[in-house]
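The chain contents come next:
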Amino acid sequence: MTGSAALAETLRKVFKDEKLDGLIGYAAGTTPLRPRPAVFTAPGDFDAAVFDGFCVQNLATYLRRHPDRRMGILVKGCDRRAVTVLIQERQVAREDLFLIGVPCPGMLNRARLLTEFPGLETGGVAEEGDTLTVAAADGPVSLARADYLLPACRACRHRVPTDVDLMLDAPPFAAPEADTSLGELTGGIDGMERRERAALFAEELSRCILCYACRNVCPFCYCETCFTDTLQPAWMTPAPEPNDIFFYHFNRMMHMSGRCVACGSCAWACPEQIPLHLLFGKITADVAELFAFEAGLDETTPQPMSHFSEDDPDEHIG
Amino acid sequence: MTRTNTSDRSWTLPAGALPDLLAALAATCELWTPRPVGGGTRFLPHGEDRPLDLAQTPPAHSVKAVLFPNPETLFTYRRNGNDVALTPPEPDGRSLIVFGARACDARAVAALDAVFLGRSIPDPAYLERRERLCLVGLACVSPAATCFCHRMGSGPFDASGMDVQIVPLDDIYVFHLLTKRGEACLAPFRDRFEAADGDTLKKVAATKAGLEGAEPSVDFTALKDAVKQHRDDPYWETLAAACLGCGICTFLCPVCSCFSITDTGNRRGGRRVRYWDACMFPAFTKEASGHNPRGDEPARVKQRFFHKFYYSIENGEPPGCVGCGRCVIHCPAGIDIREIVSRFQPEAAS
Ligand code: SF4
Ligand code: SF4
Ligand code: SF4
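So, a few notes on the structure that sits alongside this text. (Residues numbered from 1 in each chain as written. Chains lettered and ligands numbered in written order. Predicted model: local features only at pLDDT ≥ 70, side-chain atom pairs only at ≥ 80, totals over all residues. Heavy atoms only, no water.)

### Overview of the pattern of salt bridges
All names here are of chain A. The full count for this structure, using the stated rule, is 41 salt bridges over all chains. Lys13 serves as the salt-bridge partner of Asp17, at 2.6 Å between the closest nitrogen and oxygen. One end of the pair, Asp17, and the other, Lys13, are both in helix H1 (residues 5–17), 4 residues apart, so they sit about a helical turn from each other. Residue Arg112 pairs with Glu116 through a salt bridge whose shortest N-O separation is 2.8 Å. One end of the pair, Arg112, and the other, Glu116, are both in helix H3 (residues 110–116), 4 residues apart, so they sit about a helical turn from each other. (Salt bridge = Lys/Arg side-chain N within 4 Å of Asp/Glu carboxyl O. Helix = DSSP H or I, 4+ residues; strand = E, 2+ residues; numbered from the N terminus.)

Now the structure itself:
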């Protein structure tokens, strides 16, 4: 489906037929592995439309930028769930949106592929069925797609978006679904001694430069002024010193509980390859365990953190 | 080995002897070497804890992170009754060697100098390190697909800004001593090297010729004029539609040097800390009144390119881009500065 004329035609038709003001999707980037988010606003724009295993970034993040407009948006499973959370939080209205679903094949770990096969930046990756063919230095190499999925995608159980206005055919490439769970991915953390756990995060987060890409890419980090940026009170020093970095990440994660859809965009965007899936995975697995809740699956079940119920778990209060 | 036709400014070192040389340098100098940390390579104080990585081109962070560290304590303060004592960090008398910096990063130092030293009062913290700097550069023998130093008027073998340039050949490194400072740093270790012979220098020349640019440099003056002409181009909005307003592009850029300053501590004492700031952050230009002269994403995206290709040139400073491609590699939104340059580069330049 990558950059196919069929995809362009379908999206163009929807854009015209539905009289959309804009359609948020992915367009070809300047290198094969870097498709980029795009807002298509004219029929001619759609020739650049693509969908492949590198279309990781959650597009729901862009919806709030287009108030009072009728927007189309291409949604994978996680983008669709993010739209639901935004509807619940009254940030967007369902009736303003035209949702175009695409069954997600599982997104690929570009950073890892590029490290292992540096030539890919120009050569690209051919995706077919459950196999990737990459141009290595000494000829093409076949890889199992499942081995190169991003951590969040390895654990994803909701690849096919639900309640969409138009569902596209599944792309002719995909990895088998879920070979692990968020709990399993992050389970190691529970077994650690307190100090060992602190040391793990201290080590990983020591690379954080507080660029806030992880915050800005997240569909739910939409506060007009983030707690990181308030001056009165100054909750944290804005310099990337160890305490402030910890404060930022753990607070952001608290704000994500019951909202994070585990799309993995934050970890994917991080230029320092900090394993943020340990954070969002843990908080999301904990919410699932404590409240039997997964964010964004339906609009009617209230989010556990914005809702009180008498049988909420309260062991931690003691 | 014959000593005829050798060069006293070009020395060779067997590749296997490099670790010992670095250990010896580290004993007397402040030495920074590129070593892998979590998927990327950064310049770190030299040590044995992580292997040397001279392959990642370019390293994830540039020399900027050494000369202009993030964060950096400018001074500590301590209050004693009505007195306040300010203590700047201890100056370090040793040479500061950054080993393995690439051509792009070495050129970027000139742009940092313009900001930190080129104004009426030199920045003391920057100056303290800059005066001790000995840049031991490394020619790039396998540029990345995202590199575009040629277009920015340089190339993988450009030695400008370096004190020593190293060219890796099969199993030796050729050290070209370019400045007095470079000579002074390596002179104590002269006996570890051989003088490079004619064959070696020919090989260096051949390697260099193989990497000569296919792409011509842009004409920066013409680019400046073209960018200015397109101040109100709707193109900026197209770029801004995807931009996340994060700090990746500016933080990883070897040239971007905007910073902010904050105090950390309490009434009794603390530190004044400088840290990287970014023109892509909304708060960067927010005024105390609440007014923000660059209040929306398109204004901020435009600013980044205007600073690099318009204001810098207009002010007679080096261009704000050296073609390292780090922002191309890391921008989540796929914004590619090469594409922007191509859009505005007038035909005449190519
Ligand atoms: S916290 Fe990360 S994984 Fe969770 S919704 Fe936000 S971007 Fe996606
Ligand atoms: S994207 Fe990475 S480096 Fe940037 S703030 Fe987030 S964790 Fe830190
Ligand atoms: S251009 Fe890219 S890297 Fe820079 S602020 Fe925008 S999204 Fe972040």
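Following the structure, the description resumes.
### Things to note about the pairing of strand E2 (residues 30–37) of chain B
The side chains of a regular strand alternate, residue by residue, between the two faces of the sheet. Residues and elements named next belong to chain B. Extensive coverage of E2 is indicated by the burial of 7 of its 8 residues. Here E2 pairs with strand E6 (residues 96–101) via 3 bridges, running parallel. Bridged to Glu30 within E6 is Leu96. Examined bridge by bridge, E2 and strand E3 (residues 40–45) share 6 bridges and lie antiparallel to one another. Paired with Trp32 across the two strands is Pro45, which belongs to E3. Hairpin connection, E2 to E3: the antiparallel pair is bridged by 2 residues, and Gly38 has positive phi, about 50 degrees. (Buried < 20%, exposed > 50% of the residue type's maximum accessible area, 1.4 Å probe, protein only. Pairing = 2+ DSSP bridges.)

### A closer look at empty space enclosed by the protein
All names here are of chain B. Tallied over the full model, the rule gives 10 cavities of 30 Å³ or more. Considered as a void within the structure, the largest cavity measures approximately 130 Å³ in volume. Taken together, 16 residues form the lining of the largest cavity, with Cys243, Cys249, Arg304, Cys331 and Ile335 sitting closest to its centre. For the lining of the largest cavity, the secondary structure elements donating two or more residues are helix H9 (248–252) and helix H10 (297–314). Considering every element that reaches the lining of the largest cavity, the biggest residue donor is H10, with 3 residues. Residues belonging to the lining of the largest cavity are distributed by class as follows: 14 nonpolar, 1 polar and 1 charged. (1 Å grid on protein atoms, 1.4 Å probe; cavity = no way out; pocket = protein on both sides within 12 Å on 5 of 7 lines; lining within 4 Å. Points joined across faces, edges and corners; volume = space filled by probe spheres on them. Nonpolar A, V, L, I, M, F, W, Y, C, P; charged D, E, K, R; others polar.)

### What about the site of ligand 1?
Residue and element names in this part refer to chain A. Around ligand 1 sit Cys218, Phe220, Arg252, Met256, Cys260, Val261, Ala262, Cys263, Gly264, Ser265, Cys266 and Phe280, and that is every residue in its neighbourhood. For the shell around ligand 1, the secondary structure elements donating two or more residues are helix H9 (242–256) and helix H10 (265–269). A breakdown of the residues in the shell around ligand 1 according to their chemical character gives 9 nonpolar, 2 polar and 1 charged. (Near = heavy atom within 4 Å.)

### Observations concerning a positive patch on the surface
A cluster of like positive charges, contributed by Arg78, Arg79, Arg267 and Arg268 of chain B, occupies part of the molecular surface. Position of Arg79 of chain B among the secondary structure elements: in strand E4 (residues 72–80). (Patch = residues over 30% accessible without salt bridge, like charges linked within 9 Å, V, L, I, M, F, W, Y side chains within 5 Å. Areas by Shrake-Rupley, 256 points an atom, 1.4 Å probe, with all protein chains shown as cover. Lys, Arg positive; Asp, Glu negative; His and termini not counted. Charge placed at Lys NZ, Arg CZ, Asp CG, Glu CD.)

### A word on the side chain of Gln303 of chain A
Residues and elements named next belong to chain A. Here Gln303 shows up in the segment after helix H11 (277–291). Residue classification places Gln303 among the buried positions, given a relative accessible area of 8%. Here the side chain of Gln303 touches Gln88 through a polar contact of 3.5 Å, side chain to side chain. (Polar contact = N/O pair within 3.5 Å; in protein donor to acceptor, adjacent residues only side chain to side chain.)

### A word on the site of ligand 3
Residues and elements named next belong to chain B. Within the structure, ligand 3 sits among Cys243, Leu244, Gly245, Cys246, Ile248, Cys249, Met280, Arg304, Cys331 and Ile335. For ligand 3, the cavity whose grid points lie within 2 Å of the majority of its atoms is the largest cavity. Its residues assigned to classes, the shell around ligand 3 comprises 8 nonpolar, 1 polar and 1 charged. (Sits in = over half its atoms within 2 Å of the grid points.)

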